[in-house]
Amino acid sequence: MPSQNASSAPLDQRKRLGNWLPADESAVAAFRLQLCRQARERANGGPRSEAVRAMHTLLRDDATLRMGMTRAIEEAIDAGYALGYRNIDELMQVVDYLMSYAPPFSDSSLVVCPINAVFDWPMCMPSGYAVFRHPVFNKQMRRVLTSWSAFLGGPHSRAHLNTKSPDGWFSPEADAKIGLSQFIAHPELPYWGFLSWNDFFTRRFREGERPVESADDDKIIVSPCEAKPYELRRDVKLVDDFWIKSQPYSLRDMVGPHEEALARRFVGGTVYQAFLNAYSYHRWHAPVRGTVVKAYNLAGTYYSSAEAQGPDPEGLNDSQGYTTAMATRAVIVIEADDPAIGQIACVFVGMGEVSSCMIDVVPGQRVAKGEELGYFQYGGSTICMLFEPGKVDEIVWDPARIDDPPIVKVNAHLATAR
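Quick summary incoming for the structure in this document. Predicted, not measured: the structure shown is a model, and the values here were computed from it.

So, how was this worked out
Residues numbered from 1 in each chain as written. Predicted model: local features only at pLDDT ≥ 70, side-chain atom pairs only at ≥ 80, totals over all residues. Heavy atoms only, no water. Helix = DSSP H or I, 4+ residues; strand = E, 2+ residues; numbered from the N terminus. Buried < 20%, exposed > 50% of the residue type's maximum accessible area, 1.4 Å probe, protein only. Expected span 1.5 Å × (residues − 1). Arc of directions from axis to C-beta. Contact = heavy atoms within 4.5 Å. Phe/Tyr/Trp six-rings, centres within 6.5 Å; stacked < 30°, edge-to-face > 60°. Axes fitted to C-alpha atoms, helices over the stretch in contact; angles between N-to-C directions. Parallel < 35°, antiparallel > 145°, perpendicular 65-115°, else oblique. Nonpolar A, V, L, I, M, F, W, Y, C, P; charged D, E, K, R; others polar. Pairing = 2+ DSSP bridges. Salt bridge = Lys/Arg side-chain N within 4 Å of Asp/Glu carboxyl O.

A word on the environment of Pro104
Within the element layout of this structure, Pro104 appears in the loop between helix H4 (88-97) and helix H5 (114-119). Residue classification places Pro104 among the partly exposed positions, given a relative accessible area of 21%. A C-alpha to C-alpha distance of 6.5 Å links Pro104 and Gly168, two positions 64 residues apart in sequence.

Given below as structure tokens:
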């Protein structure tokens, strides 16, 4: 595994990747405790959100899920983690509170994924793994996240889209992290012209900020996202044991069992994976010029992590290979104009929170290199590129040979066809 993913390191030395949650567990614990206090103060009876009420009913009435979640909470508390809640009822109370929560900016203890923070640590306790992998639980979790997404897509989610320090997303502190001048915005307008939190999250670069590298050279493959290299594996298999500690990529599971012919095309080929930062650009672009041959979504898990990693700060950190076969994701396949490249499959994986993978292209559509394909609506995210065997010699920023590679800009040179 790459150095960023030091899952063998002691727990207090393991990193949270992408700045979605603070590196310091005490800061996350303080956030949870404050959130739970606020939820208790607002609570009046059961959950207000219909989706959360249905989740509460599921966890109450399904004996298997109730047992698993109850034990996972108890195991996390017994392990010494400060959750702020003691049982399922109190957990649902705080999840309900988050249905009208707009994330503020924080220079020191940013929590962009509050539901992920609340589910730490039950999600990676011995009894929690099965709960967060359960299909019925994830189907209901999708309803909960869709409900929150509706709030984040509306005007009331703009509470922190202002220049006020310390929690405004247009404050000098936030600007230093984001580089707001790179993006299309209108400071003269209320909320700088953004219609909602999600509108801000999916902001676009100004023209010229991310030019397509070697736009006229079809052998140059560019990065589809603004993302930090995470893993590179060669000679990948059709089916592999993606849940074990080394988390080998399992092609049929990544693209879906109904697409076995597609998966077979990449057997023996290369998988490149990279993860997005909380402050990053979250839209996807075509890595080559060509024709879209497939574009579809796959339903999956939201907070499931691999037991083989053990307790993991943020749960999904060290399970990024595992999530490519398990989590909600979008698959877009492009037949490159240059036959030396063949087909490239891009797998866009939603990790936690809303995890909405929004596809903007259809099969048969022609795309130019660098043209937009879709976007992550909100939440942590990681991406994979699948290359056919023998098609690319080298990845420019190979995390297997470059210690702590930088974030690769969207449309920057990533690989060269043979």
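So much for the structure itself; the text now carries on.
Quick word on helix H3 (residues 63-78)
The end-to-end C-alpha distance of H3 is 22 Å, a good match for the 22 Å that 16 residues give at a rise of 1.5 Å each. Every buried residue of H3 is accounted for by Leu65, Gly68, Met69, Ala72, Ile73 and Ala76. Buried positions in H3, seen along its axis, are confined to an arc of 130° and lie on one side of it. In this structure, the buried residues of H3 make contact with helix H2 (50-61), H4, helix H6 (128-133) and helix H7 (135-152).

Quick look at the packing of aromatic side chains
For any pair of aromatic rings, the description rests on two quantities: the centre-to-centre distance and the angle between the ring planes. One pass over the full model with this rule turns up 21 aromatic pairs. Taking 4.2 Å as the distance between ring centres and 10° as the angle between the ring planes, the aromatic pair formed by Tyr81 and Trp121 counts as stacked. Here Tyr81, found in the loop between H3 and H4, pairs with Trp121, found in the loop between H5 and H6; they are 40 residues apart in sequence, far enough to count as distant. In this pair, the class of Tyr81 matches that of Trp121, namely buried. Clustering of aromatic rings is evident, with ring pairs tying together Phe105, Trp169, Phe170, Trp192, Phe194, Trp197, Phe200, Phe201 and Tyr279.

A few points about the packing of H2 against H3
For any two helices packed against each other, one specifies the inter-axial angle together with the distance between the axes. At their nearest, the axes of H2 and H3 sit 5 Å apart, and the two run at 95° to each other. Judged by the inter-axis angle, H2 sits roughly perpendicular to H3. Packed against H2, whose contacting residues are Leu58, Leu59, Arg60 and Asp61, the element H3 presents Ala63, Leu65, Arg66 and Met69 at the interface. Grouping the amino acids of the contact of H2 with H3 by side-chain chemistry returns five nonpolar, no polar and three charged.

A closer look at H2
Taking 1.5 Å per residue, 12 residues should reach 16 Å; H2 reaches 16 Å between its end C-alpha atoms and fits that length. Restricting attention to buried positions, one finds in H2 the residues Ala51, Val52, Met55, His56, Leu58 and Leu59. The arc that holds every buried residue of H2, seen down its axis, measures 160°, which confines them to one face. Exposed positions of H2 whose direction lies more than 90 degrees from the buried face are Glu50 and Asp61. Against H3, H4 and H7 lie the buried residues of H2.

So, the sheet that holds strand E4 (residues 283-285)
Read from one edge to the other, the open sheet built from three strands follows the order E4-E10-E8, with strand pairing classed as antiparallel. Of all the strands in the sheet, just E4 and strand E8 (357-359) have a single pairing partner and so form its edges. Averaged over all neighbouring strand pairs, the angle between strand axes comes to 25°, with direction disregarded. In terms of strand pairing, E8 meets strand E10 (residues 372-376) through three bridges, oriented antiparallel. Paired with Met358 across the strands is Tyr375, a residue of E10.

Description of the pattern of salt bridges
Counted by the stated rule, this structure contains 21 salt bridges. A salt bridge links Glu50 to Arg143; the shortest N-O distance between them is 3.9 Å. One end of the pair, Glu50, is in helix H2; the other, Arg143, is in helix H7, and 93 residues separate them in sequence. When its relative accessible area of 38% is taken as the criterion, Arg143 is described as partly exposed.

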